[in-house]
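# Understanding the architecture of this molecule
Given next are the chains, with one letter for each unit.
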Amino acid sequence: AGRKETGHFWSNVWILSMFFGTFLGAMSGVYDKFLLQRLHYPPLSLQFWFNVYMALIQGAFAMFFWYPRRARMPFHFRKAILFVGLLLVVADRLYFLALNEPDALVSVVTVIRRSNVVISFAGGILLFKERKTPLKAVAVSGIVTGLLLMALS
């Protein structure tokens, strides 16, 4: 699906960023589990510092990429931004609580966390009239099948 929309799959910077981000997310999950279970940090403490660091990092990116172009790309506040932020905080809370469980497997928690692609896929179809959806639906169904197989094992 990606090749039909964006050209060569492995030379697209956004595809490579997706793979790199998934790898970093898995490594972060291992580190989070280490902090929670070996060093006994409370989940809320980890979430607090995660939010602080993300605000700093995303603020720096906004200043570098958006601020110089703000005249051409003005920011328009929408109530949906608050709703998305609230959902992200709740999702992160559940993530840290899940990793705090002694029997939690990082591989399962990370895959479930990354399964948000299903919501992104549905939103792309409904809100943005995404193209080539049948081809992408096959990829999303592969992700869902993998999640089901992991849940059953």
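What counts, and at which threshold
- Residues numbered from 1 in each chain as written.
- Predicted model: local features only at pLDDT ≥ 70, side-chain atom pairs only at ≥ 80, totals over all residues.
- Heavy atoms only, no water.
- Core = buried A, V, L, I, M, F, W, Y, C linked by side-chain atoms within 4.5 Å.
- Buried < 20%, exposed > 50% of the residue type's maximum accessible area, 1.4 Å probe, protein only.
- Helix = DSSP H or I, 4+ residues; strand = E, 2+ residues; numbered from the N terminus.
- Contact = heavy atoms within 4.5 Å.
- Expected span 1.5 Å × (residues − 1).
- Axes fitted to C-alpha atoms, helices over the stretch in contact; angles between N-to-C directions.
- Parallel < 35°, antiparallel > 145°, perpendicular 65-115°, else oblique.
- Left-handed = near helix turned anticlockwise from the far one by under 90°.
- Nonpolar A, V, L, I, M, F, W, Y, C, P; charged D, E, K, R; others polar.
- Patch = residues over 30% accessible without salt bridge, like charges linked within 9 Å, V, L, I, M, F, W, Y side chains within 5 Å.
- Areas by Shrake-Rupley, 256 points an atom, 1.4 Å probe, with all protein chains shown as cover.
- Salt bridge = Lys/Arg side-chain N within 4 Å of Asp/Glu carboxyl O.

### Some points on the nonpolar core
For soluble globular proteins, nonpolar side chains are generally found buried alongside one another. Leu35, Leu36, Leu46, Tyr95, Phe96, Leu99, Ala104, Val106 and Val109 form the largest nonpolar core, which has 9 residues in total. When residues of this core are traced back to their parent elements, those giving at least two are α2 (13–38), α4 (79–100) and α5 (106–114). Once residues within four sequence positions are removed from consideration, alanine 104 is found in contact with Lys33, Ala98, Leu99 and Val109.

### Considering helix α3 (residues 43–66)
Between its first and last C-alpha, α3 extends 32 Å over 24 residues, near the 34 Å set by a 1.5 Å rise per residue. For α3, every residue scored as buried is listed here: Pro43, Leu46 and Gln47. Next to the buried residues of α3 lie α2 and α4.

### Overview of the packing of α3 against α4
Geometry of a packed helix pair, given as the angle between the helix axes and the separation of the axes. Packing of α3 against α4 leaves a shortest axis separation of 9 Å and a crossing angle of 135°. The angle between α3 and α4 places the two elements in the oblique class. Crossing angle aside, the handedness with which α3 passes α4 is right-handed. Between α3, through Pro43, Leu44, Leu46, Gln47, Phe50 and Asn51, and α4, the contact on the second element is made entirely by Val89, Asp92, Arg93, Phe96, Leu97 and Asn100. Residue composition of the contact of α3 with α4, grouped by class: 7 nonpolar, 3 polar and 2 charged.

### Regarding a nonpolar patch on the surface
A surface patch of nonpolar side chains, amounting to about 930 Å² of accessible area, comprises Phe48, Trp49, Tyr53, Leu56, Ile57, Phe61, Phe64 and Phe65. Checked against the element boundaries, phenylalanine 65 lands in helix α3.

### Topic: the environment of alanine 71
Within the secondary structure, alanine 71 is located in the loop between α3 and α4. For alanine 71 and leucine 149, which are 78 residues apart along the polypeptide, the C-alpha to C-alpha distance reads 49 Å.

Remember that the coordinates give geometry; whether it matters functionally is a separate question.
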